[in-house]
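Fold and geometry: a report
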Amino acid sequence: MTGISGFILFIISLYATFNFFRLYAIDRKIFHFCIGTTAAFLALYGASSFLALFFPILDPEFIGEWSTVFSVSFLLSAAAALVRDFKPVFSRFPKSFTFVPLVLIVIYPMIIDTLVVKYWVLGLYQGSALLIAFLIYAFRTYENSDFAYMLVGVIFFAITFLLYWIPESLFTLPEYIWMLLTSSGILILTVGYNQAYHLEEQLIDQEKRKETWFA
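Residues numbered from 1 in each chain as written. Predicted model: local features only at pLDDT ≥ 70, side-chain atom pairs only at ≥ 80, totals over all residues. Heavy atoms only, no water.

Description of the pattern of salt bridges
Close approach of charged atoms allows side chains of opposite charge to pair. Using the criterion set out here, one finds one salt bridge in the structure. Where E65 meets K118, a salt bridge forms, and the shortest distance between an N and an O atom there is 2.8 Å. Placement of the pair is E65 in helix α3 (residues 60–86) and K118 in helix α5 (residues 115–143), with a sequence separation of 53 residues. Its relative accessible area of 10% is what places K118 among the buried residues. (Salt bridge = Lys/Arg side-chain N within 4 Å of Asp/Glu carboxyl O. Helix = DSSP H or I, 4+ residues; strand = E, 2+ residues; numbered from the N terminus. Buried < 20%, exposed > 50% of the residue type's maximum accessible area, 1.4 Å probe, protein only.)

What follows is the structure, encoded as structure tokens:
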């Protein structure tokens, strides 16, 4: 069952990766780049067990752990970019600050052997990103109902997050269920984002593409 759920996670995450990188190619927004990169590492996580079958030298647990580290790091960077885009232009912090959460990738080897600390750090990253996304999209949904698609996706992820982090003594979530819930959340968010931001109109209007690396 884990193999099937991993394949589903891989396919849906790959779809999200192409979707957001395609958006990034149009407008060069840091948010699209970070979300696309997050999805790419989630796709790698879903494919880790299959990669081990074709390349026995690879350790699926090692791939899965580091894919998680990279994905949560870029997820929080995406949340930082979301906050920056939400602010008025004159009050936005420098673009480089949105990549501060990536410091986890550098310090993770120092905490990799401390089981409790690393799980707390990963949980804090995930929870912070979800809280930021919830607050921003709740406000935007209040202003424009089209953003309700995104809000539903964030709430779905928040429920999945809470179920995953409930102590095992009280509740246990099998890995394949977590993968299926994560896959569903990614699909809801991706489709919802396309609906809210009218992706098709952006793709047609290629002439507005910016030449800067990050917007």
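Notes on α5
In a regular helix each residue adds 1.5 Å, so 29 residues correspond to 42 Å; α5 covers 42 Å between its end C-alpha atoms and thus fits that length. Among all positions of α5, only K118, L122, G123, Y125, Q126, A129, L130, A133, I136, Y137, R140 and T141 are buried. (Expected span 1.5 Å × (residues − 1).)

Points about the nonpolar core
A general tendency of soluble globular proteins is for nonpolar side chains to be buried together. Membership of the largest hydrophobic core comes to 47 residues, with the highest contact counts inside it found for F31, V69, L104, Y108, Y137, I186 and Y193. Elements represented by at least two residues in this core include exactly α1 (2–27), α2 (30–54), α3, α4 (103–111), α5, α6 (148–165) and α7 (175–197). When residues of this core are assigned to their parent elements, the largest contribution, nine residues, is made by α3. Beyond its immediate chain neighbours, meaning those up to four positions away, L104 contacts V69, V72, S73, V121, L122 and Y125. (Core = buried A, V, L, I, M, F, W, Y, C linked by side-chain atoms within 4.5 Å. Contact = heavy atoms within 4.5 Å.)

Here's the deal with the environment of F7
With respect to the element layout, F7 can be found in helix α1. Taking the C-alpha atoms as reference points, F7 and A43, 36 residues apart in sequence, are found 8.7 Å from one another. When residues no more than four places from it in sequence are discounted, the contact partners of F7 are G46 and F50.

Overview of the confidence of the model for the protein
In this model, the protein carries an average pLDDT of 83, and 87% of its residues clear a pLDDT of 70 or more. Mean pLDDT values for the elements of the protein range from 49 in helix α8 (residues 199–204) up to 91 in α4. (pLDDT = per-residue confidence, 0-100.)

A closer look at a nonpolar patch on the surface
A cluster of nonpolar residues, L115, V116, Y119, W120, Y164 and W165, forms a patch on the protein surface that exposes about 670 Å² of accessible area. Taken together, the elements giving at least two residues each to the nonpolar patch come down to α5 and α6. Sort the elements by how many residues they give to the nonpolar patch and α5 lands first, with four residues. Position of Y164 among the secondary structure elements: in helix α6. (Patch = residues over 30% accessible without salt bridge, like charges linked within 9 Å, V, L, I, M, F, W, Y side chains within 5 Å. Areas by Shrake-Rupley, 256 points an atom, 1.4 Å probe, with all protein chains shown as cover.)

Focus: α4
L104, I105, Y108 and I111 are the residues of α4 that are buried. In a view along the axis of α4, the buried residues occupy a sector of 115 degrees, so they form one face of it. Opposite the buried face of α4, by more than 90 degrees, sit the exposed residues V106 and M110. Buried residues in α4 make contact with α3 and α5. (Arc of directions from axis to C-beta.)

Comments concerning the packing of α6 against α7
Where α6 contacts α7, the two axes come as close as 7 Å, and the packing angle between them is 165 degrees. Of the possible angle classes, the one that applies to α6 and α7 is roughly antiparallel. Seen along the crossing, α6 lies across α7 with a hand that is left-handed. Judged by residue contacts, Y149, M150, V152, G153, V154, F156, F157, T160, L163 and Y164 of α6 engage W178, L181, T182, S184, G185, I186, I188, L189, G192, Y193, Q195 and A196 from α7. For the contact of α6 with α7, the class distribution of residues is 15 nonpolar, seven polar and no charged. (Axes fitted to C-alpha atoms, helices over the stretch in contact; angles between N-to-C directions. Parallel < 35°, antiparallel > 145°, perpendicular 65-115°, else oblique. Left-handed = near helix turned anticlockwise from the far one by under 90°. Nonpolar A, V, L, I, M, F, W, Y, C, P; charged D, E, K, R; others polar.)

Considerations on unusual backbone geometry
The phi angle at R28 is positive, at roughly 60 degrees, despite the residue not being glycine. Among the structural elements, R28 can be located in the loop between α1 and α2. Since its relative accessible area comes to 14%, R28 is described here as buried.

Comments concerning the packing of aromatic side chains
Summed over the entire model, instances satisfying the criterion amount to 13 aromatic pairs. Their ring planes at 70 degrees and their centres at 6.4 Å tell us that F33 and F74 sit as a pair that is edge-to-face. Here the residue F33 occupies a position in helix α2, and F74 occupies one in helix α3, the gap between them amounting to 41 residues. Of the residues examined, F33 reaches a relative accessible area of 21% and is grouped as partly exposed. (Phe/Tyr/Trp six-rings, centres within 6.5 Å; stacked < 30°, edge-to-face > 60°.)

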